[in-house]
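# Summary of structural features
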Amino acid sequence: MRHSSVLTSSILLGFVSLIGATSLQVSPAAAQSTLFKRISTRPSTDGSLSAAVGGSTSVPYGWIDFCHRRPKECKVPALPAASVKLTAQNLRTLERINQKANRSIKPVSNFDHWGTMTDHWDYPVDGKGDCKIYALYKRKLLQEAGFPRQSLLMTVVHDLDNEGHTILTVKTDKGDLVLDNLVDEIRPWNATGYYFLKRQSQQNPNVWVSINQRGGTPKAITNVAKLVN
């Protein structure tokens, strides 16, 4: 699937300001969950474990359209960046949800599904969809499982065929992990071989940041369990 052009910068900035300024109440219990920890402000000892991000960049049209249709999903407060503590329990949850989404959604192209070349991002309301639907659904299920929103980032890449593709990046204390509808295995970002273009900001899902980095070389098997605390 290829990604459609974004709106003009003036419209985009107005939209981001509008939805970024609206706050929702966050449960203190969820914010203080012992399963997760605030991300460290110290630089990583191994920069390759996490993709280095640049400044703000254009927001995909599909996300803007999704927010217009589902405003409650996007009218959220800015929050401090947070990462998931990669325990065996959390890894099992990631694997379960990645496989559940991959097996429960029937793959279909954006055009065949919606009858338009314009990117349409949504949940699998009819059990079908392309990569964006998979990634959004995984993000939703993981939030419902208690994972912090700031660690679940919609991410736009070029796949191994240099085609536009969307995945979910999960920020952990052991680096960036990727949930992908093309692969059931959870992989570190730098074992995908994808070219990472941009993703959501950890603090505000309505702000996107540039990456522009190759995610290493593709690896058929990666033992993520070795990273578990």
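Look a little higher up for the structure.
Since this is a predicted model, take the numbers as computed values, not measurements.

## What about the packing of aromatic side chains?
Enumeration according to the criterion identifies 5 aromatic pairs in this entry. Here Trp63 and Trp121 contribute two aromatic rings whose centre-to-centre distance is 6.4 Å and whose plane-to-plane angle is 70°, an arrangement assigned as edge-to-face. One end of the pair, Trp63, is in helix 3 (residues 61-69); the other, Trp121, is in the loop between helix 5 (110-114) and strand 5 (128-129), and 58 residues separate them in sequence. Across this residue pair, the class does not change: Trp63 and Trp121 are buried. When the ring of Trp121 is compared with that of Trp208, the centres are 6.1 Å apart and the planes differ by 70°; the resulting orientation is edge-to-face. Placement of Trp121 in the loop between helix 5 and strand 5 and of Trp208 in strand 11 (residues 208-216) is noted, with a sequence separation of 87 residues between them.

## Quick notes on the state of the cysteines
Following the criterion strictly, the structure yields 1 disulfide and no others. Note that Cys67 is cross-linked by a disulfide to Cys74, the S-S spacing being 2.0 Å. With the S-S dihedral at roughly -80°, the linkage between Cys67 and Cys74 falls on the left-handed side. Both residues of the pair, Cys67 and Cys74, count as buried.

## Quick notes on unusual backbone geometry
For Asn162, which is not a glycine, the phi torsion comes out positive at approximately 65°. The residue Asn162 is located in the loop between strand 6 (152-158) and strand 7 (164-172) in this model. In this model, Asn212 sits at a positive phi of 55°, which is unusual for a non-glycine residue. Among the secondary structure elements, Asn212 is positioned in strand 11.

## Examining the environment of Arg69
Checked against the element boundaries, Arg69 lands in helix 3. Since its relative accessible area comes to 32%, Arg69 is described here as partly exposed. For Arg69 and Trp121, which are 52 residues apart along the polypeptide, the C-alpha to C-alpha distance reads 9.8 Å. When residues no more than four places from it in sequence are discounted, the contact partners of Arg69 are His120, Trp121 and Asp122.

## What about the pattern of salt bridges?
Under the defined criterion, the tally for this structure stands at 9 salt bridges. The closest approach of N and O atoms between Asp65 and Arg69, which form a salt bridge, is 3.1 Å. Of the two residues, Asp65 and Arg69 both sit in helix 3, 4 residues apart, roughly one turn of that helix. Across the pair Arg70 and Asp122 runs a salt bridge whose closest N-O atoms are separated by 2.8 Å. Here Asp122 lies in the loop between helix 5 and strand 5 and Arg70 lies in the loop between helix 3 and strand 3 (82-84), a separation of 52 residues in the sequence. Judged by its relative accessible area of 27%, Arg70 falls in the partly exposed class.

Rules of the game
Residues numbered from 1 in each chain as written. Predicted model: local features only at pLDDT ≥ 70, side-chain atom pairs only at ≥ 80, totals over all residues. Heavy atoms only, no water. Phe/Tyr/Trp six-rings, centres within 6.5 Å; stacked < 30°, edge-to-face > 60°. Helix = DSSP H or I, 4+ residues; strand = E, 2+ residues; numbered from the N terminus. Buried < 20%, exposed > 50% of the residue type's maximum accessible area, 1.4 Å probe, protein only. Disulfide = S-S within 2.5 Å. Contact = heavy atoms within 4.5 Å. Salt bridge = Lys/Arg side-chain N within 4 Å of Asp/Glu carboxyl O.

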